[in-house]
Every structure is written in C-alpha cells, then in structure tokens.
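Letter by letter, the chains look like this.
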Amino acid sequence: MVKLTVKLGLVQQVPLGQGRCFIVDGREIAVFRSRAGRVFAVSNRCPHRQGPLAEGVIGGSQVICPLHGHKFDLTTGKGSEAGECVKTYRVWEENGQLMLA
C-alpha cells in the first residue's frame, strides 16, 4: 500500500488557536493549529449532527463542535459521548508547509 502525502499549503493558512477545512480526495478534513503551534487533523464532520468541526472552538488538544458542544480529542479522535469518534489524520509542518498523510 502506497502512502500518499499531500501538501496543503502554508501553515499560516491556519491561524493559531483555530481550524480550517481542506478538501482532500473529496473528503472534508479539519486542520487545527493550537496556540502552542501543534497541528492536528480530523474528519471535519461531527458524527452527532454533522457539525463543521473546523469552525469549532479548540483548546489544547480538543475541539468542541459548534452545533451541540460535543468534544473530540484531536490526537485520538475519541468523543465525549459514548461511542462517538472522528477519524484522525497524520499532519505536520515541514519548511513552513502543512503536510498531510
């Protein structure tokens, strides 16, 4: 199996403490940059009511869905409600560029 790496663009596209949605291969992926500069990537849609997680509030390594307040750990994808989970993606900064695997 070949791993695909995608260059999303300049890291500054995602302001500190915020998220942005990128479309990659037809998938909505929310990329976040914590105030400490760490980057995270998860599927953009909350499994509860399909809320756009990229528009949620980020704190540390957690995002809160803007529609109903469900919380998701950005490192594991695990939600605050039983059985809820979002897919996580490997993302990193390389020479000022956001890279996604």
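Just so it is clear, the structure is predicted and the values come from calculations on it, not from any experiment.

1. Describing the pairing of strand β9 (residues 91–94)
Side-chain positions along a regular strand alternate between the two faces of the sheet.
Phase 1: In this structure, β9 lies alongside strand β10 (residues 97–100), joined through four bridges in antiparallel fashion. Note that in β10 the partner of Trp92 across the bridge is Met99.
Phase 2: Once β9 ends, the chain turns through two residues before running back antiparallel as β10, passing Asn95 with a positive phi of about 55°.

2. A closer look at the environment of Cys21
Phase 1: By secondary structure assignment, the location of Cys21 is in strand β2 (residues 18–24).
Phase 2: Assessed through its relative accessible area of 35%, Cys21 is described here as partly exposed.
Phase 3: With sequence-adjacent residues up to four places away left out, Cys21 is seen in contact with Glu28, Ile29, Ala30, Asn44 and Ala54.

3. Observations concerning the side chain of Ser34
Phase 1: Among the secondary structure elements, Ser34 is positioned in the loop between β3 (27–33) and β4 (39–43).
Phase 2: The exposure class of Ser34 is buried, given its relative accessible area of 6%.

4. Quick notes on the sheet that holds strand β5 (residues 57–59)
Phase 1: Read from one edge to the other, the open sheet built from three strands follows the order β5-β6-β7, with strand pairing classed as antiparallel. The open sheet has two edge strands, β5 and β7 (71–73), and neither has a second partner. Strand-to-strand, the axes of this sheet are offset by a mean angle of 25°, without reference to chain direction.
Phase 2: Here β5 pairs with strand β6 (residues 62–64) via three bridges, running antiparallel. What sits directly across from Ile58, in β6, is Val63.

Cut-offs and rules
- Residues numbered from 1 in each chain as written.
- Predicted model: local features only at pLDDT ≥ 70, side-chain atom pairs only at ≥ 80, totals over all residues.
- Heavy atoms only, no water.
- Pairing = 2+ DSSP bridges.
- Helix = DSSP H or I, 4+ residues; strand = E, 2+ residues; numbered from the N terminus.
- Buried < 20%, exposed > 50% of the residue type's maximum accessible area, 1.4 Å probe, protein only.
- Contact = heavy atoms within 4.5 Å.
- Axes fitted to C-alpha atoms, helices over the stretch in contact; angles between N-to-C directions.

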